[in-house]
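Results of the structural survey
The residues making up each chain are set out below.
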Amino acid sequence: MITAPPAAPRRRSDPAPAFTIGEAELAPLARGCAVLGAGGGGPIRSGLLAAKQAIRDRGPVTVIAAETLSPEALVMPCGSMGAAAVADEAIGDGREGSRLVAEVEAITGREVTALMASEIGGLNGLLAVAWAAGTGLPLIDADGMGRAFSRMTQVAMELAGIPMSPCVVTDHRGGIARLQHAESSWIERAAGSLARAAGGSASTAEYLMRGDQLAQATIPGSITRALRIGRAVQQPDPITALLSDAGAARLLDGRVTEIDWAVRGGRSSGVCVLEGIGGDRGRRVRVELGDDLLIAVEEGRVIAAVPDAIAALAAVDRRPVTAEHLRFGQRLTLLSLPADPIWFSPAGLKLVGPEAYGYHLQHPRAPQEARS
Amino acid sequence: MILSWKYNSKMPSLARLLCHESLRHLRVLLGHPERVEVHEMEFIEDFDEVSPAPRNRLAVLGRSASRALGEDRLLDVTLHELKALGVTAVVLPSPQHQLALTGTTRALAEQIDFAVLDCVETTSTAELLTRCASVLAGDGEHALRRVRDFLSATNPRHSPGNGPFSTAELLDAAGRALDVPVSLESSGSPGVPVRLGPAELGSIVIPAAHGVDALAARIVAEALAMRMEQALAEQRRLRSGTVQGKDSLLSELIVATEHHAVRLTQQARDLAIPIDGWHRAFMFDTSSGGAWSPDLLADLGESALDAVPDRERWLPTRSEGALILVESWPTDPRPTAEGRALAERMLARLDASFPALALRCGIGAVHETVTGLRVSVAEARVALGASHRGRTASYDQAGLRPIIVELAQANAARASVSELLGPIIALDRRKAAELVRTLQVYLDEHGSLSRASERLTLHRNSVAYRVRQAKELLGDELSDPDRRFALQLACRAYLLSEGKSE
């Protein structure tokens, strides 16, 4: 399945531009992607450096709204997969985007019109910017998740019935693989195996869409939202700004008093307990951990849960803390950011709700019919 | 309320269940069983199928539910949801080592009074269900064991120091056997009454139970009442045991002849009875008639003396079926506390314990030595006889005259006076009045010729002559105290009727 090296990037005729992302926008975008990582999403730092380098080399990225695309346009969602620790060190050759575009065009026989981040949360929100700059293609102001999730298939395209196949996988050494199968789970497993074979990390493109499919099959406005959140975090009072500008809800100001990890069902899972401080003294919140912060529980009641994004901001610098970096004694502000309504259908909750992570419980925001 | 004693801690159902032999293999993982109430059983295989119910339930989890609790259910949320549905405790049939028990889970279990238990050894669900249901319903064996525990713990042979158990100890033993607070409430409370003689001391109250546990509670309550009555009686017997010898001796001394009294007086000194001091007698009898047993007399004496200060100054005794309480002082106590007030206090105490007896009290005056004791008892008897218009009557300076007047006016009394003093009254009135007056003063002064002569302003020999003359006429040497006292009263009654009283 490993095929030829990628072709060189090419510039195309642009759809109507909405706004651009230059170096100045990268810092707030990175902070916003980190918050939407919801405790997961991989290392921001390497994505930020890659995007900065690409923009310096090739200029700003044009971000366009989904509805400005022609119905026949070919949109390529893309991102990386694998272990976060590897992705932070194996920074790639900077040409992964170009190889993915070339391979997709080779498969489809059509030119790719625009790129889209598979997930806005964490590393992938920034890699999409880097690859758009590298290929000279515009970036759609949308993504597949509206935050970060653990799995490739936890995207709006899957929910909308867009085939995952064909899927293109490339690694940092230029290898390329083409995966085709009717079952998304098969492709996901195969891509995971390729990523492990490639050293623990790989870049992929899948769920290829026409322009007229985007409205039903994506989370719109994701880049705009990430920028808004990132700018709020840069305010002198970031919590207040997040509550007012980004629709966040404050769950608790607390200190980590318990942190425990175990392997559950073959996956690493943990639990973290925060005890309230300041005005929240006397409260105690338990947070279930997977790759992300999954569920927050207080006195036996779920106060926030996937697909809503739960973010832990360090009191000391207001930077988001990932699940794997939670430590005893940390002082944090726990926030919840509402997920896109698309996820609250029964099928959406099954794909990305608590049940998808092995928790048999009702989501507090689930509609009544979904609960029953 | 006569007595009240309660457990400080509550002992509700789950803690009680876990004491049962067949559930000893259950281990508490979360919560405080002593704060968890369970009334019914439930089997849970699927948490989504649990329905709400009003009574608190203990749920045994099936294999699937046990796995779900450990793997795909968030324990905090599950506990909260189950509690809302009326489940207050869950039991897992296998040992649990992987449950994610965080501080939030522990705090929640304590906050909502929920318990999570597992078995230290894997037990089949069916067996666990059977055991729990059996214990919850209360099985006969367990109920019998409760009764046995109580009877064994309160067996008088097991009493520390072989003394009787205290009321608190008996209530404690019943509480431990039944695992519920047991109390003795005021008379009239619904429960099993505790009686001592005719008096009801209170009622044993045990919280309501169900099934055979209710039966066990009833049996224990009845047995507790018996044990308490036995123990109280024994306590009284022991308390009065030390004075029983003195009681008998005093009783004998009061009625003894002069000669016999000398020997008894020495015995009294040997028993450390302050016989040579000053004495006052209180005599108690019933208006309703009837004889009292020695045991009841002892109970009455102990009960009355509970109301007096300086308990050690008192000795109980009896005479002709009546209760006598003797108050003694080493020196002349007069003026002393009003005897009537003391008598009223003792009667109030006796009324509380023996309301059906309708007791009265006669009070003698204070007199010195053994002779004085005998006189005071005789005075108390007279006062008692005159007390039908009130609860108490005292034979003292203030009370003497009304009593005598009353006696003198009674036909029966006049007949007695004629019978006692007949040979003297038969003399001419002046001579009779002279002899009766001399005899009265002589008797008042306990046979002292010198003091009598002082009061009568006569020569000692003249008094001696008149007394000898009276003795000859009456054919009596005046050695019997009762006879002497009767004569003393008869003299006064005669002189009153003749208008020659002091």
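Residues numbered from 1 in each chain as written. Chains lettered and ligands numbered in written order. Predicted model: local features only at pLDDT ≥ 70, side-chain atom pairs only at ≥ 80, totals over all residues. Heavy atoms only, no water.

1. Focus: the overall build of chain B
Counting secondary structure elements, chain B contains 18 helices and 14 strands. Residues classed as buried in chain B amount to 50% of the 502 residues present. Long-range contacts, defined as pairs at least 24 residues apart, comprise 70% of the intrachain contacts of chain B with a sequence gap of at least 6. Within the structure as shown, chain B displays about 23300 Å² of accessible surface, and the carbon and sulfur contribution to it stands at 52%. (Helix = DSSP H or I, 4+ residues; strand = E, 2+ residues; numbered from the N terminus. Buried < 20%, exposed > 50% of the residue type's maximum accessible area, 1.4 Å probe, protein only. Contact = heavy atoms within 4.5 Å. Areas by Shrake-Rupley, 256 points an atom, 1.4 Å probe, with all protein chains shown as cover.)

2. A short note on a negative patch on the surface
A cluster of acidic residues, Glu45, Asp46, Asp48 and Glu49 of chain B, forms a negative patch on the protein surface. Here Glu45 of chain B shows up in the loop between β2 (40-44) and β3 (57-61). (Patch = residues over 30% accessible without salt bridge, like charges linked within 9 Å, V, L, I, M, F, W, Y side chains within 5 Å. Salt bridge = Lys/Arg side-chain N within 4 Å of Asp/Glu carboxyl O. Lys, Arg positive; Asp, Glu negative; His and termini not counted. Charge placed at Lys NZ, Arg CZ, Asp CG, Glu CD.)

3. Re the interface of chain A and chain B
Listed per partner, the contact involves 18 residues of chain A and 16 residues of chain B. In terms of surface lost to chain B, no three residues of chain A exceed Arg286, Gly300 and His360 of chain A, which account for 40% of the buried area on that side. Between Arg286 of chain A and Asp76 of chain B there is a salt bridge, with its nearest N and O atoms 2.7 Å apart. In terms of residue class, the side of chain A that touches chain B is built from eight nonpolar, three polar and seven charged. (Buried area = accessible area lost by both parts, 1.4 Å probe. Nonpolar A, V, L, I, M, F, W, Y, C, P; charged D, E, K, R; others polar.)

4. Re the packing of aromatic side chains
Counted by the stated rule, this structure contains two aromatic pairs over all chains. On the numbers, 5.7 Å between centres and 90° between planes, the contact of Phe149 of chain A with Trp343 of chain A is edge-to-face. Placement of Phe149 of chain A in the loop between β6 (139-143) and α6 (156-160) and of Trp343 of chain A in the loop between β18 (331-337) and α11 (346-352) is noted, with a sequence separation of 194 residues between them. Judged by relative accessible area, which is 5%, Phe149 of chain A ranks as buried. When the ring of Phe282 of chain B is compared with that of Trp314 of chain B, the centres are 5.3 Å apart and the planes differ by 45°; the resulting orientation is tilted. Of this pair, Phe282 of chain B sits in strand β9 (residues 278-286) while Trp314 of chain B sits in strand β10 (residues 314-319); the two residues are 32 residues apart in sequence, bridging distant segments of the chain. The exposure class of Phe282 of chain B is buried, given its relative accessible area of 0%. (Phe/Tyr/Trp six-rings, centres within 6.5 Å; stacked < 30°, edge-to-face > 60°.)

5. A short note on the side chain of Glu42 of chain B
Relative to the helices and strands, Glu42 of chain B resides in strand β2. What Glu42 of chain B contacts, discounting residues up to four positions off in sequence, is Val50, Arg57, Leu58, Ala59, Val60, Val87 and Leu129 of chain B.

6. Section: the sheet that holds β2 of chain B
In sheet architecture, strand pairing relies on hydrogen bonds along the backbone and comes in two forms, parallel and antiparallel. All names here are of chain B. With mixed pairing, five strands are arranged side by side in an open sheet as β1-β5-β4-β3-β2. Each having just a single partner strand, β1 (26-30) and β2 make up the two edges of the open sheet. On average, each strand axis in the sheet is inclined to that of its neighbour by 30°, with strand direction left out of account. Direction of pairing for strand β4 (residues 87-92) relative to strand β5 (residues 115-119): parallel, over a ladder of four bridges. Of the residues in β5, the one forming a bridge with Val91 is Leu117. This element, helix α2 (residues 63-71), spans β2, β3 and β4 of the sheet and lies at about 95° to β3. Sheet contacts for helix α3 (residues 75-84): β1, β2, β4 and β5; angle to β4, the most-contacted strand, approximately 130°. (Pairing = 2+ DSSP bridges. Axes fitted to C-alpha atoms, helices over the stretch in contact; angles between N-to-C directions.)

7. Some thoughts on helix α4 (residues 96-108) of chain A
Here α4 of chain A contains 13 residues, and its C-alpha end-to-end distance of 18 Å stays within 8% of the 18 Å for a straight helix at 1.5 Å per residue. Of the residues making up α4 of chain A, those classed as buried are Glu96, Gly97, Ser98, Arg99, Leu100, Val101, Ala102, Glu103, Val104 and Glu105 of chain A. (Expected span 1.5 Å × (residues − 1).)

8. A short note on the sheet that holds strand β13 (residues 267-276) of chain A
Residues and elements named next belong to chain A. Strand order in this open sheet of seven strands is β16-β15-β14-β13-β12-β18-β17, and the pairing throughout is antiparallel. Of all the strands in the sheet, just β16 (301-305) and β17 (309-314) have a single pairing partner and so form its edges. Pairwise comparison of adjacent strand axes, ignoring direction, gives a mean angle of 35° for this sheet. Bridging between β13 and strand β14 (residues 284-289) involves six bridges; their strand directions are antiparallel. Paired with Val273 across the bridge in β14 is Arg286.

9. Describing the side chain of Glu206 of chain A
Residues and elements named next belong to chain A. The residue Glu206 is located in the loop between β9 (201-205) and β10 (209-210) in this model. An unpaired buried charge is present at Glu206: no salt bridge exists, and Arg151, the closest side chain of opposite charge, is 13 Å distant. Within the local environment of Glu206, its side chain forms a polar contact with the side chain of Ser118, the two groups lying 3.3 Å apart. When neighbours within four sequence positions are excluded, Glu206 is seen to be in contact with Pro77, Ser118, Met152, Met164, Pro166 and Cys167. (Polar contact = N/O pair within 3.5 Å; in protein donor to acceptor, adjacent residues only side chain to side chain.)

10. Looking at the pattern of salt bridges
Residue and element names in this part refer to chain A. Enumeration according to the criterion identifies 35 salt bridges over all chains in this entry. Put simply, Arg99 and Asp93 hold a salt bridge, and the shortest N to O gap is 2.6 Å. Overall, Asp93 belongs to the partly exposed group, its relative accessible area being 33%. Counted as one network, the salt bridges with shared partners bring together Arg250, Asp253, Asp280, Arg283 and Glu298.

11. Comments concerning helix α6 (residues 140-153) of chain B
Residue and element names in this part refer to chain B. The first and last C-alpha atoms of α6 sit 20 Å apart over 14 residues, in line with the 20 Å expected at 1.5 Å per residue. All of the buried residues along α6 are His142, Ala143, Arg146, Val147 and Phe150. Projected down its long axis, α6 shows its buried positions confined to an angular sector of 145°, all on one face. Within α6, the exposed residues directed more than 90 degrees away from the buried face are Glu141, Leu144 and Arg148. (Arc of directions from axis to C-beta.)

12. Quick notes on the pairing of β6 of chain A
Residues and elements named next belong to chain A. For β6, the buried fraction is high: five of the five residues fall into the buried class. The sheet contact formed by strand β3 (residues 61-64) and β6 spans two bridges and is parallel. Within the sheet, the bridge partner assigned to Ile64 lies in β6 and is Ile140. Handedness of the β-α-β unit built from strand β5 (residues 114-117), helix α5 (residues 123-135) and β6 comes out right-handed. (Right-handed = clockwise from strand over helix to strand, strands pointing away.)

13. Regarding the packing of helix α1 (residues 23-36) of chain A against helix α9 (residues 222-233) of chain A
Residue and element names in this part refer to chain A. The interhelical angle for the contact between α1 and α9, taken along N-to-C directions, is 100°, at an axis separation of 7 Å. With respect to α9, the axis of α1 lies roughly perpendicular. Packed against α1, whose contacting residues are Glu25, Pro28, Leu29, Arg31, Gly32, Cys33, Val35 and Leu36, the element α9 presents Ile223, Arg225, Ala226, Leu227, Ile229, Gly230, Arg231 and Val233 at the interface. A class-by-class count of the residues in the contact of α1 with α9 yields ten nonpolar, two polar and four charged. (Parallel < 35°, antiparallel > 145°, perpendicular 65-115°, else oblique.)

14. Re the nonpolar core
Residues and elements named next belong to chain A. Residues Leu29, Met76, Leu115, Val129 and Leu242 are the most contacted members of the largest nonpolar core, which totals 57 residues. Element by element, the count of residues in this core is highest for α5, at nine residues. Not counting residues within four places of it along the chain, the set of residues in contact with Val129 comprises Ile21, Leu26, Leu29, Ala51, Ile55, Val61 and Leu139. If you look at the next biggest cluster of nonpolar residues, it comprises 50 residues, including Val75, Ile140, Phe149 and Val352. (Core = buried A, V, L, I, M, F, W, Y, C linked by side-chain atoms within 4.5 Å.)

15. Observations concerning the packing of α9 of chain A against helix α10 (residues 238-245) of chain A
All names here are of chain A. Where α9 meets α10, the closest approach of the two axes is 7 Å, and the angle between their N-to-C directions is 150°. By the angle class used here, α9 and α10 are roughly antiparallel. Two secondary-structure elements touch here, α9 through Arg228, Ile229, Ala232 and Val233 and α10 through Pro238, Ala241, Leu242 and Asp245. Of the residues that constitute the contact of α9 with α10, the class distribution is six nonpolar, no polar and two charged.

In short, geometric facts, not functional conclusions.
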